Amino acid sequence: MKLVSFELGGVASFGAVTEGGLVDLREALQRRYIDLKELLSSNALSEARQAIEGRIVDVRADRLDEVRWLPVVPNPGKIWCIGLNYAEHARETGHEVPQAPVVFLRSQDSQIGHDQAIVRPMESMQLDFEGEIAIIIGTTGRRVPERSAWDHIAGYACYQDASVRDWQRHSAQWTPGKNFWRTGGFGPWLLTRDEIPDDAEMTLVTRLNGQEVQRASTRQMIHGIAGQIAYLSTIAPLCPGDVIVTGTPGGIGARRDPPLFMQPGDVVEVEVDRIGILRNTIITDT
C-alpha cells in the first residue's frame, strides 16, 4: 500500500493512493483512527487493506492536484536523522568514517509534504539538498536485535533533509541548520514493508532542476537499516510513527566548486527506485 496524509478542502485526513486515485481511509474505516500514526499504533494495516478492496476512490487520479499533501506522518514522536552514513559524503565533508551512527533530531514543524514548497529562510543563502530514505516505525521496540529489526518497520518513504549550511556550522551542534521551518520534505507516501523485500537494495537519486546531483545504493551505507534500528532503540523505545532518516550520499552542494545551493524557483526531487519520487519547489521566506 501507498499510505499518505493529506488535506482536502481544509480538512486533514489520511488515506491510500491507488491506480484509480485516493481513498480516504479515515472515512473508509468509519473514523476509528484519527490519523496515520494512530492507524500504525493500532496495528491496523490489514484492516486498511481490506477497506481499500473494491472501494470507489474519493479523489480520482486526474484530480489529485486538488489535494494538499502533508508529511507522511505529520506528528511523529521522534524524527531520528543519521549523518555521515555514506563514506563518500564523510570524505567530502572532511570527516573520518564514523564507527557509530552520527545522530541528530528534527522537529515536526520542520517538515512538509510532497509537492509542497521548501522555504529558504531570509537569514541564509545556503540552502543545500540532501536526498535520503526514511523508515517509518510500525511496532514498538526497545533494544531491538538487528536480526529482528525489520519486523518493526511499517514502511519507507523518500526524504529531503534540506540543510541551512551556515547555520549548521555555527557550532558543533547541527540542530539549527537542520530544523528551520518547512525545510524537510517527507513523501510522497509510506510504501508498506510488504512491498519491498527486507534488506533489498534500493537506489537513491537526487535531482535539482532535472539534473542528477546525488546517486547511491543502500549497499553503500556505513550503518545499514537494521543496524540503525538496533542502535537507536538502545537510546529510547522506537514507537509507531517514529521516523528514521537514514543519511545522504556524497554530492552535496556545499562541497562543490563552486558551491551549488538551492534558489527560489528551483525544483528538487528525491527518487528511490522501489518507493517513488518526492518533489518540492523552493521559495523564499517572507
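Visitor: Got a minute to help me understand the side chain of T192 in this structure?
Guide: Mapping T192 onto the fold places it in strand 14 (residues 184–192). Judged by its relative accessible area of 1%, T192 falls in the buried class. A distance of 2.6 Å separates a polar atom in the side chain of T192 from a polar atom in the side chain of D194. Excluding anything up to four places from it in sequence, T192 contacts M1, L3, L45, R49, A154 and G155.

Visitor: How should the side chain of H114 be read in this particular structure?
Guide: For H114, the position within the fold is in the loop between strand 8 (111–112) and strand 9 (117–120). With a relative accessible area of 10%, H114 lands in the buried category. Side-chain polar atoms of H114 contact the side chain of D115, separated by 3.5 Å. Look past the residues within four positions of H114 in its chain and what remains in contact with it is W69, F186, P188, I277, L278, R279 and N280.

Visitor: Whenever I open this one, a nonpolar patch on the surface confuses me. Can you help?
Guide: Together, V103, Y231 and I235 make up a nonpolar patch on the protein surface, roughly 240 Å² of accessible area in all. Locating I235 in the fold gives a position in helix 7 (residues 225–235).

Visitor: Looking at this structure, how should I read the nonpolar core?
Guide: Nonpolar side chains in soluble globular proteins tend to be buried together. Among the nonpolar cores identified, the biggest contains 39 residues, and L22, Y156, I225, I244 and I275 are the most heavily contacted of them. Those elements that provide at least two residues to this core are strand 1 (2–8), strand 6 (79–83), strand 11 (131–137), strand 12 (153–161), strand 14, helix 7 and strand 18 (267–272). The contacts of I244, once residues within four sequence positions are left out, are W80, I82, I133, A134, I135, I137, Q228, I229, L232 and L238. Grouped together as the second largest cluster of nonpolar side chains are 34 residues, Y33, L36, A157 and F186 included.

Visitor: I'm lost on the pattern of salt bridges in this one. Help?
Guide: Oppositely charged side chains can form a pair if their charged atoms are brought close together. Enumeration over the complete set of coordinates arrives at 21 salt bridges. A salt bridge links K78 to D242, with the shortest nitrogen-to-oxygen separation between them at 2.9 Å. In this pair, K78 is assigned in the loop between strand 5 (68–69) and strand 6 and D242 in the loop between helix 7 and strand 17 (243–245), connecting sequence segments 164 residues apart. The class for K78 is partly exposed, based on a relative accessible area of 22%. Through salt bridges with shared partners, one network takes in R106, D128, E130, D161, R165 and K178.

Visitor: Is there a simple way to explain unusual backbone geometry in this structure?
Guide: Apart from glycine, the bulk of residues carry a negative phi angle, and the bulk of peptide bonds sit in the trans form. Omega for the peptide link from G187 to P188 comes to -5°, which places this bond in the cis form. Secondary-structure assignment places P188 in strand 14. Along the chain, D257 connects to P258 via a cis peptide bond; the corresponding omega equals 0°. Structurally, P258 is set in the loop between strand 17 and strand 18. Unusually for a residue other than glycine, L84 sits at a positive phi of about 55°. Examined against the element boundaries, L84 turns out to sit in the loop between strand 6 and helix 4 (87–92). Its identity is not glycine, yet D115 carries a phi of approximately 65°, on the positive side. In this fold, D115 is placed in the loop between strand 8 and strand 9. Look at D115 and you get partly exposed, because its relative accessible area is 43%.

The rules behind these values
Residues numbered from 1 in each chain as written. Predicted model: local features only at pLDDT ≥ 70, side-chain atom pairs only at ≥ 80, totals over all residues. Heavy atoms only, no water. Helix = DSSP H or I, 4+ residues; strand = E, 2+ residues; numbered from the N terminus. Buried < 20%, exposed > 50% of the residue type's maximum accessible area, 1.4 Å probe, protein only. Polar contact = N/O pair within 3.5 Å; in protein donor to acceptor, adjacent residues only side chain to side chain. Contact = heavy atoms within 4.5 Å. Patch = residues over 30% accessible without salt bridge, like charges linked within 9 Å, V, L, I, M, F, W, Y side chains within 5 Å. Areas by Shrake-Rupley, 256 points an atom, 1.4 Å probe, with all protein chains shown as cover. Salt bridge = Lys/Arg side-chain N within 4 Å of Asp/Glu carboxyl O. Core = buried A, V, L, I, M, F, W, Y, C linked by side-chain atoms within 4.5 Å.

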